[in-house]
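A structural walkthrough
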Amino acid sequence: MDGPSDQRIPMLYNLSSGTQHLLTIENFKARISSTQNKMNKKKRQSSLGNVSTNAFIELISQGIIDDLDEKEQKAAFDPKPFIRTFENVLDELSVLRTHVQEQCDELESSVQVAELQYRKSVVDLHGSFDEVYRSYDNLESRIGEVGKTAIRIGEQLESIDKQRSRASESRDIIEYYMEFQEDSSERLDSLRYHGGDEGQVKAAIIARRLSAVAKEVDANDEAKASIEKFCESFEKEILEEFDMAYKDGDPRIMGHCAKVLFEFNGGASCIQTYVNQHEFFMSNMKIEEMEELRYSEDHSTLSDPNVPPPEVDTSLVKLYDDIRITVRREAEIISNVFPQPATVMQVFLQRIFEQSIQDHVERLLMKAERMSNLAYLRMLASTHAETKRLIENLKFYCDKEASFVNSVDANGLVASISLDQTLDRCMADLFVPYTEGERYLTRERLTLNELFGSIVAEFLSYMQQRKKTSLRNQSVLTRTLNQISASTSSGLSPIPPVPMGSDINGSASPTNPFERSSEPRRAISNLVKVDDNGFCLISNETILRALSIHAEAIVRCVELSDTQDLPSSIKKLYGLLVDFMDVKYLDIVLDDVIEELGNTKVEPEMTCFPVIKTTTHMIQLLQEHFQTAVVPLVACSPAVHKEILINKNSFMSLLEHKVNTLLQKIIDSASFWLGEILARQKKNDFRPKDEEVVMMSMGTLPCLQSVEFITRIYKASCKTLQGKNLEMFLMIIGNGFHAQLLDHFKKYFVTPTGGLLVTKDIAKYQEVIRMFKIPSLDDRFEVLRQIGNMFLVKPEILRSILSEGYLARLDPSALYPYLEKRVDFKSAKLDRLLGISVDENGAVTKATGDTGGKTQRRSLFVSDNVVLKEMMKNYNNNREFLSAFNLA
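Residues numbered from 1 in each chain as written. Predicted model: local features only at pLDDT ≥ 70, side-chain atom pairs only at ≥ 80, totals over all residues. Heavy atoms only, no water.

Turning our attention to the packing of aromatic side chains. In the structure shown here, the tally under the stated rule is ten aromatic pairs. By way of ring pairs, the aromatic residues Phe686, Phe745 and Tyr748 are connected into one cluster. Seen from the ring of Tyr376, Arg443 lies directly overhead, with NZ or CZ sitting 4.2 Å from the centre. Over the face of the ring belonging to Phe749 we find Lys821, whose NZ or CZ atom lies 4.4 Å from the ring centre. (Phe/Tyr/Trp six-rings, centres within 6.5 Å; stacked < 30°, edge-to-face > 60°. Lys NZ or Arg CZ within 6 Å of the ring centre and 35° of its normal.)

Structure representation (structure tokens):
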């Protein structure tokens, strides 16, 4: 501040020391530094933070106030000291700003100079680094050239060494060959007998080379013969030594002999000796077990479809257990003895499959095939599954030995086929003759046809005789029986048809053996049963057994079929089941029952309900079987899944349609028969004499017969239907009966005593309908009960009856036909009570005039009653009201 302050105009009034301190650069620097330290804690309120204009002015003003004496402070405010001070402060700040700006300019110039110098230094450093990089590149290329030169020298040295070695070996071979030409092998014998283990290995290598040379050289047969003689003697001696060591259990000598023979001829003779003389193949116990196989008790239930498939044959289990023990033990021995253990193990495993397993499996399957197709398939599936488990165990044993992985063959190359691949190929070769192409599936379908045919043959035979008078049905049944006979000609024999003129149990009968009997019929065999009406049904246990047979076939199919062919195979097997359940059984039974109920003008038989129950139960079982056993196996193939689903749905829809048709015939017959029973009502039943009232105290005869008939229908339907199906059926029966009763009570005159009988009859009807447990039906019959009360009460209280309950909502014209049947209708002038009149033609019309101040009643029941009448009039032609039945 000294420079600028010397040139300014002298101040008239000097600033105080405190104000001068505020105008120094050090004070501003201190405040700016304090502001920067607080920037991370709170935001700055101005560009200088604590060095704000307001605060600065306050500090200067406070200094001026502090300099005033007490008297001046109490006097009036004088702005002059403040004006003079602020003018001086502004002058000082202007000078200070000029000084600071000069310093900033100088600093900026210094920074520019320093920046230019820094850029120049950086450019110089880049150039230096580039030179260093080029030097390193040159050094690296020179090192690479030196390395390549060293590699070429090494390759040349290696080639020269190989040439020298081959030359030396060729010279030795020539010398050995010349000695054999002179019929002498002293040097080689010395190396063989006195060179130790290494000498024998070298002798094996030399003998192999001499043998190769002798084969290529045509001249000098004497040398060739001597060499062959020596090689035979050498191999024989080493094999004898290997055999002795094998018998003594000396793995060290065995390993040495194997190594020598591996160098001599690849070790093939050693491997064959080891495998051929192995105790597993030399044991006579295996042959004895094969002879005893035909006396095994495991096969006694193989052909019985009623018994679950037995476990794996015990002789096969024992053989596979011996193989597991042998391979687990030999894997360690082979790994320690042979230079190429994987090759030896492959030969050993192939020999096991070809000699032991294949013979055993063939014997088992041949014996099972002589028994039946089912026995053959069961034996094939169990053998395949047990062999698969054996393969997995053998793979695990082999994988535990590291020497079996990436092993080399006799030529020093990595084996192209692993042990896992060898085992898989052995497994495939073992079962190809039985599962290739369509061989297995053809046999499976033939077996299912046999088993299903044996189940349904007795049923079809019975149905054929029962329908012998119907040529159409008889031809269908005969054709089906012929198909079953053809399918079982190569396996199971079908059950013979029952001779004409004898009953189903085989005893002769002079009359029609299928004539309805008053005694309940029992099951004619374990397969089928006959109900009271003569309808033949296959027992539920037999159906479950058929599904069990089919599920067992699916399990075999999963075991024996390829994964990619499994969905299509399952579709074919399921088609056989549908054909059995539909064409060969349910379709025939339902057609038989529908034909039997063709005449709906007679009393309906309750015996058709078991047929519906059986059909419903079978559909449910088939649906469950489809979801649990079939869908999981075909879901991976959308096309096959769609086809099999369409087939299943079509089959079930057809059955549901026939069941609905059967239920419709039952409803038609029930409606007709109820009408016939009500028509038995006598004209004077409701105008009884005193003694007749006592006799009919429990209700009139038509009432009792109707109640008994409806009770029988209810019990039979409850045993057959359930849920919404039962409710729908009972609703239709109840509505139809209600409509018939409404018309029924319009036909008979009623005395006061007869009114008591009417109410008793209606109470009986109401009681039997309550069993249905359907609220809407209860309401309808409550209306009927209240209508019945109109016949019972006296004329003077009839008005109160008509103004209460459901009757209050009925149109008077709907009640007129019932009141008209009261014997006191005209004498009591009941038409005036209803406010209606009858014209000359007998038509009912509302009376005109005063209604007594009462609001005209609107019928809420008449429309429903009209609907019921219309339904009962036309429902014989309606075949869709049972569409709610979902039997599956």
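On we go from here.
One finds Ile323, Phe338, Tyr585 and Phe729 to be the most contacted residues of the largest nonpolar core, which totals 184 residues. Ranked by residues supplied to this core, first place goes to helix 21 (residues 566-596) with 16 residues. Here Tyr585 is in contact with Val456, Phe459, Leu537, Ile538, Ile543, Phe580, Thr614 and Met618, once residues within four sequence places are set aside. Counting eleven residues, the second-largest nonpolar core is a separate cluster that includes Leu15, Ile25, Phe28 and Phe82. (Core = buried A, V, L, I, M, F, W, Y, C linked by side-chain atoms within 4.5 Å. Buried < 20%, exposed > 50% of the residue type's maximum accessible area, 1.4 Å probe, protein only. Helix = DSSP H or I, 4+ residues; strand = E, 2+ residues; numbered from the N terminus. Contact = heavy atoms within 4.5 Å.)

Scanning the entire structure with this criterion turns up 19 salt bridges. The partner of Arg389 in a salt bridge is Glu386, and the shortest N-O contact between them spans 2.3 Å. Of this pair, Arg389 and Glu386 both sit in helix 16 (residues 373-399), three residues apart, which is roughly one turn of that helix. We classify Arg389 as partly exposed; its relative accessible area is 42%. Taking the shortest distance from any N to any O, the salt bridge between Lys724 and Glu727 comes out at 3.7 Å. A residue pair is termed a helical-turn pair when its members lie 3 or 4 positions apart in one helix, as Lys724 and Glu727 do in helix 26 (residues 723-744) at three residues. Among the residues examined, Lys724 registers a relative accessible area of 63% and is labelled exposed. What you see here is one network of salt bridges that share partners, running through Asp321, Arg324, Glu386 and Arg389. (Salt bridge = Lys/Arg side-chain N within 4 Å of Asp/Glu carboxyl O.)

Attention now moves to the packing of helix 14 (residues 314-337) against helix 15 (residues 341-371). Where helix 14 meets helix 15, the axes come as close as 11 Å, and the angle between the chain directions of the two elements is 170 degrees. What the angle tells us is that helix 14 and helix 15 run roughly antiparallel. Residues Ser315, Leu316, Leu319, Tyr320, Ile323, Thr326, Val327, Glu330, Ala331, Ile334 and Ser335 of helix 14 lie in contact with helix 15, whose contacting residues are Pro341, Val344, Met345, Phe348, Leu349, Ile352, Ser356, Ile357, His360, Val361 and Leu364. Along the lines of polarity and charge, the residues of the contact of helix 14 with helix 15 split into 16 nonpolar, five polar and one charged. (Axes fitted to C-alpha atoms, helices over the stretch in contact; angles between N-to-C directions. Parallel < 35°, antiparallel > 145°, perpendicular 65-115°, else oblique. Nonpolar A, V, L, I, M, F, W, Y, C, P; charged D, E, K, R; others polar.)

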